[in-house]
Amino acid sequence: MAHIPHISVGDHALIWGAVDIVRSRFPDAEFAFFCKYPEHERIYLDQMDFRFKIVERSQNQVIAGWQAHRLARDCDVVLSAWGDGYIMHPPHGMYKKVRCMASHDTPMALCSTSMGPFAASGLRRWMVKSALKRYDYLSVRDSITLRYVEDLGFPGVEQIPDTAYALRACSPRRVADILELEEIPHNAPYVGVNLGTEFMHFCEQNGIDFLKICSSVIERIRDVHGCAVILIPHQYVYDSYDYAAIPSIAYEACDDRYPINRVWNSLRSTQGVYRIQNIYSCAELKGIIAGSVVFISQRVHPLVASTSTGVPTAIMHYSHKAQGMMDVIGKPDYTWHPKRIQGVESHDTSIDALVRMVDRLWENREHYRQDLSLVAPKLVQRAFSLGDKLSKIIGLAA
């Protein structure tokens, strides 16, 4: 696991989904998590019904490398989702991790990742290519990453949906209880909107008016299409954990409730707009998202939650992975970026274009939902096929 606490609900969802996929083939499997902040990770891992142990990662990188090597040696398979962060970071981190764990006979799988773009030549390209060669199985989750990885020299890579597609949503009854707790009407239709800190920071760093983008979407839904809006976070700084020793983790920087509250305070009127203000599990948030008439996201994993449960979805995002994920469900036209993104075809980055996308989403929602009723079950089934891939690399019959 990462050297920082996993605060993203999307991380929790892909872990829980991966566990369910593995347990579909190996019901008695035990899972070992290698992490730096075990008490933090237990907050969400304890909500998941499976056997696991945590190996605390040393603060010293050399010792941590030795720990990773030893842990991998004692496992039947190493299952990793590394790569998402390497959209924005250089590849040497992945190279070091793979070298630590790949010096023995334990098979390794890199599953349903988003990566790239990669350097055209030189040391950086060599490092990521060398790291990926050490995996016994490699799959990617979006069409643009597939193109990048094939160009890198891996023509046989499979495109397998994100493991979070396997996550089951909580019950409708639990959703009703949550909405009642949040003082949100639960018998009326609503549009779910996820607002995310990464998208907020991306806009601010590029001189883009984040508040105007968000308010334009929310007010369009409420005032023109006449539907209530629920603002849904998908990343939390846990109230019960002390992050004082981790400067990179702060409410304003990392907790989606911060941009939600900023946008809430910027609206001309908050009538018909509601906020999820408490902390919930990935399954509970998936249940809330699943109840939406349509859903609009600024993160990829809420998109997985919505499309896997048949909810018509659009996304506004800052990287190629969103476009690639929407390609997979056959709806690339429901992606909007506030500026030109490498790997993505040029498109209208204006707020007017965003509003038109929201209008199309609303007007075509029934047809879109019918399309998803055919696509979503296949994506879930294909995500579970990962269990058979793991069986093969471990050496068992699928």
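Residues numbered from 1 in each chain as written. Predicted model: local features only at pLDDT ≥ 70, side-chain atom pairs only at ≥ 80, totals over all residues. Heavy atoms only, no water.

Section: the pattern of salt bridges
Note the following rule: Any carboxyl oxygen of Asp or Glu that lies within 4 Å of a side-chain nitrogen of Lys or Arg is treated as forming a salt bridge with it. A run of H or I in DSSP becomes a helix once it reaches four residues, and a run of E becomes a strand once it reaches two; helices and strands are each numbered from the N terminus. Using a 1.4 Å probe on the protein chains alone, a residue whose accessible area is under 20% of its type maximum counts as buried, one over 50% counts as exposed, and one in between counts as partly exposed.
Scanning the model with the defined rule gives 19 salt bridges in all. Here Asp359 makes a salt bridge to Arg220, at a shortest N to O gap of 2.8 Å. Of this pair, Asp359 sits in helix H15 (residues 351–363) while Arg220 sits in helix H9 (residues 210–224), and the two are 139 residues apart along the sequence. A relative accessible area of 11% places Asp359 in the buried class. Its relative accessible area of 28% is what places Arg220 among the partly exposed residues. Between Arg257 and Asp255 there is a salt bridge, and its shortest N-O distance comes to 2.8 Å.

Quick look at the side chain of Ser112
Basically, it comes down to this: As used in this structure description, the phrase polar contact means that two N or O atoms lie within 3.5 Å; if the pair is within protein, one of them must be able to donate a hydrogen and the other to accept it, and residues adjacent in sequence are counted only when both atoms belong to side chains.
Along the chain, Ser112 turns up in strand E4 (residues 108–113). Within polar-contact distance, the side chain of Ser112 engages the backbone oxygen of Pro161 at 2.9 Å.

Here we look at the packing of H9 against helix H11 (residues 257–266)
Filter applied, for reference: Angles here are taken between N-to-C directions and fall from 0 to 180 degrees, while the axes themselves are lines fitted to C-alpha atoms, restricted in helices to the stretch in contact. An angle below 35 degrees is read as roughly parallel, one above 145 as roughly antiparallel, one from 65 to 115 as roughly perpendicular, and any other as oblique. Only heavy atoms matter for contacts: two residues are in contact if any of them lie within 4.5 Å across the pair. Each residue gets one of three labels, nonpolar for Ala, Val, Leu, Ile, Met, Phe, Trp, Tyr, Cys and Pro, charged for Asp, Glu, Lys and Arg, and polar for the others, Gly among them.
Relative to each other, H9 and H11 sit at 70°, their axes nearing to 10 Å. One way to sum up the angle between H9 and H11 is to call them roughly perpendicular. Of the residues in H11, those in contact with Phe210, Leu211, Cys214, Ser215 and Ile218 of H9 are Pro259, Arg262, Val263 and Ser266. Class assignment for the residues of the contact of H9 with H11 results in 6 nonpolar, 2 polar and 1 charged.

Quick look at the sheet that holds strand E5 (residues 137–140)
Heads up, the condition is: Whether two strands pair comes down to DSSP finding at least two bridges between them.
Pairing is parallel in the open sheet, where 4 strands are placed in the order E3-E4-E5-E6. Each of the sheet's edge strands pairs with one partner strand only, and the pair in question is strand E3 (78–80) and strand E6 (158–159). Pairing between E5 and E6: 2 bridges, direction parallel. Note on E6: the bridge partner recorded for Val140 is Gln159.

Topic: the sheet that holds strand E10 (residues 295–297)
Across the sheet, which stays open at both edges, the 6 strands sit in the order E9-E8-E7-E10-E11-E12 with parallel pairing between neighbours. Of all strands in the sheet, those with a lone pairing partner are strand E9 (273–275) and strand E12 (335–336), marking the two edges. Sheet topology note: the strand E7 (residues 190–194)/E10 ladder contains 2 bridges and is parallel. Among the inter-strand pairings, Gly192 is bridged to a residue of E10, identified as Phe295.

Thoughts on the side chain of Asp162
The topology assignment puts Asp162 in the loop between E6 and helix H7 (172–181). Of note is the side chain of Asp162, whose polar atom sits 2.8 Å from the backbone nitrogen of Ala164. Apart from residues no more than four positions distant in its own chain, Asp162 is found in contact with Leu14, Ser112, Arg141, His301, Val304, Met325 and Ala383.

Some points on the environment of Glu252
With respect to the helices, strands and loops of the structure, Glu252 is situated in helix H10 (residues 251–254). Exposure remark for Glu252: the relative accessible area of 43% places this residue in the partly exposed category. When the C-alpha atoms of Glu252 and Ala283 are compared, they prove to be 25 Å apart, with 31 residues separating the residues in sequence. With residues up to four places along the chain from it excluded, the contact list for Glu252 reads Met200, His201 and Tyr258.

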